[in-house]
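Understanding the architecture of this molecule
So you can see what is in the structure, the chains are spelled out below.
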Amino acid sequence: MSFQLRREEVLDAAGLAAMLEESPARAAQAILLAAGEGEVEAQALLGQILLDGQGIAQDQPLALRWFAIAANRGHLMARNMLGRCHEHGWGCAAEASVAAQHYRIAAEAGLDWAMYNLANLLATGRGVTVDHQQALALYRRAAELGHAKSMNLLGRYLEEGQVCPADPLAAREWYRRSAEAGDFRGQFSYAAVLAAEGRVDEAVEWLEKALAAGNLNFLRVASQTLASAVDPKIQALAGRYALRCQ
């Protein structure tokens, strides 16, 4: 059985995505068999479906074990997911310092998601000493590899001139690339730039996309920001963002 992971943080495999949706239990059985036979991609995917409870009973401690098995065989996304488990306390006690160790291993091996996750810890001082220079370098490396969320945060550093010279034009370009790559925060950031340029209709289009894709925390903060907007077209979106939170 051949598995191919998509470039997403949530582990998935070609040929099994549809089966997981149509017949989760059947897909889980196939993944279990392949994992037991030593297929490393299946072992990583088994960790993910155990974590999510997709087609199989949710078991976070067992998910952690399968991620560790795959990670110890060199699977970078499984190593990243080990970090996620330790950061959020999925199947273990939350310990950001342990998460940082796993992220660093995968980041140094070239995984963009691990660069992003490690940069987040460095930027906020969770489990590690605050280091904005290193965080910026990691966001930049991940962004240059095509990581949409990192593109937005790189843009933020460049816009604010934090531990680097302010460069509004470069920030705008990274926001645009993040937005076009599908990151809802990047879409919101790019919309803010467009609105400041007077391109309100284009800004509204990107805000609509961010509204459709955004998570609860984002929508809450964004609705408050939009409520203070000057342009009535943009301000009108605040209510829709707040409504979607409900």
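Residues numbered from 1 in each chain as written. Predicted model: local features only at pLDDT ≥ 70, side-chain atom pairs only at ≥ 80, totals over all residues. Heavy atoms only, no water.

The name an unreviewed UniProt entry gives the protein chain is Sel1 repeat family protein, with Pseudomonas triticicola as the organism.

Another point: the nonpolar core. Counting residues in each nonpolar core, the largest one holds 53 residues, and the members touching the most others are Leu207, Phe218, Leu226, Ile234 and Tyr241. Per-element tally for this core: the top contributor is helix α7 (residues 112–124), with 9 residues. In this structure Leu207 touches Phe188, Ala191, Leu226, Ile234, Leu237 and Tyr241, once residues within four positions along its chain are discounted. One finds Ala35, Ala63, Ala70 and Ala78 within the second-largest nonpolar core, a separate group that totals 24 residues. (Core = buried A, V, L, I, M, F, W, Y, C linked by side-chain atoms within 4.5 Å. Buried < 20%, exposed > 50% of the residue type's maximum accessible area, 1.4 Å probe, protein only. Helix = DSSP H or I, 4+ residues; strand = E, 2+ residues; numbered from the N terminus. Contact = heavy atoms within 4.5 Å.)

Before going further, it helps to examine the packing of aromatic side chains. Summed over the entire model, instances satisfying the criterion amount to 8 aromatic pairs. Judged by centre distance (5.7 Å) and plane angle (85°), the rings of Trp113 and Tyr116 are edge-to-face. In this pair, Trp113 and Tyr116 are both assigned in helix α7, 3 residues apart and thus about one turn of the helix distant. For the pair Trp113 and Tyr116, one class covers both residues: buried. Summarising the aromatic geometry, the rings of Phe188 and Phe218 are spaced 5.5 Å apart at their centres and angled 90° between planes, so their arrangement reads as edge-to-face. Of this pair, Phe188 sits in helix α11 (residues 184–196) while Phe218 sits in helix α13 (residues 216–227), placing them 30 residues apart in sequence. Each member of the pair, Phe188 as well as Phe218, carries the same accessibility label: buried. By way of ring pairs, the aromatic residues Trp113, Tyr116, Tyr139 and Tyr157 are connected into one cluster. Its end group placed over the ring of Trp206, Lys209 keeps NZ or CZ at 4.2 Å from the ring centre. (Phe/Tyr/Trp six-rings, centres within 6.5 Å; stacked < 30°, edge-to-face > 60°. Lys NZ or Arg CZ within 6 Å of the ring centre and 35° of its normal.)

Before going further, it helps to examine unusual backbone geometry. Peptide bonds are trans in most cases, and residues, glycine excluded, mostly fall at negative phi. Here Val163, not a glycine, exhibits a phi torsion of approximately 50°, which is positive. Its place among the elements puts Val163 in the loop between α9 (148–160) and α10 (168–180).

So, on to the environment of Met115. Mapping Met115 onto the fold places it in helix α7. Along the primary structure Met115 and Ala195 are separated by 80 residues, whereas in three dimensions their C-alpha atoms are 31 Å apart. Every residue in contact with Met115, bar those within four places of it in the chain, is listed here: Ala107, Gly110, Leu138, Arg141, Ala142 and Leu145.

Quick look at α11 now. Under the 1.5 Å per step criterion, the end-to-end length of α11 is 19 Å for 13 residues, consistent within 8% with the ideal 18 Å. Residues of α11 that are buried: Phe184, Gly186, Gln187, Phe188, Ser189, Tyr190, Ala191, Val193 and Leu194. Tucked into the core, α11 has its buried residues touching α9, α10, α12 (200–213), α13 and α15 (237–245). Following α11 by one or two positions, Gly198 has its phi on the positive side, about 85°. (Expected span 1.5 Å × (residues − 1).)

In this section: the packing of α9 against α11. Orientation of α9 relative to α11, taken along the N-to-C sense of each, is 35°, at an axis distance of 8 Å. Of the two possible hands of crossing, α9 and α11 adopt the one that is left-handed. On α11, the residues touching Lys149, Asn152 and Arg156 of α9 are Phe184, Arg185, Gly186 and Ser189. Its residues placed into classes, the contact of α9 with α11 shows 1 nonpolar, 3 polar and 3 charged. (Axes fitted to C-alpha atoms, helices over the stretch in contact; angles between N-to-C directions. Left-handed = near helix turned anticlockwise from the far one by under 90°. Nonpolar A, V, L, I, M, F, W, Y, C, P; charged D, E, K, R; others polar.)

Moving on, we get to the confidence of the model for the protein chain. Per-residue confidence for the protein chain averages 93 on the pLDDT scale, and 93% of its residues sit at or above 70. Between residues 1–12, whose pLDDT stays under 50, and residues either more than four places distant or in other chains, the model counts 43 contacts. (pLDDT = per-residue confidence, 0-100.)

Our next topic: helix α2 (residues 24–36). The terminal C-alpha atoms of α2 lie 18 Å apart, and with 13 residues this matches the ideal 18 Å at 1.5 Å per residue to within 8%. For α2, the complete set of buried residues consists of Ala27, Ala28, Ala30, Ile31, Ala34 and Ala35. One side of α2 holds all its buried residues, which, seen down the axis, span an arc of 160°. Among the exposed residues of α2, those oriented more than 90 degrees off its buried face are Ala25, Arg26, Leu33 and Gly36. At the C-terminal side of α2, Gly38 shows a positive phi close to 95°. (Arc of directions from axis to C-beta.)

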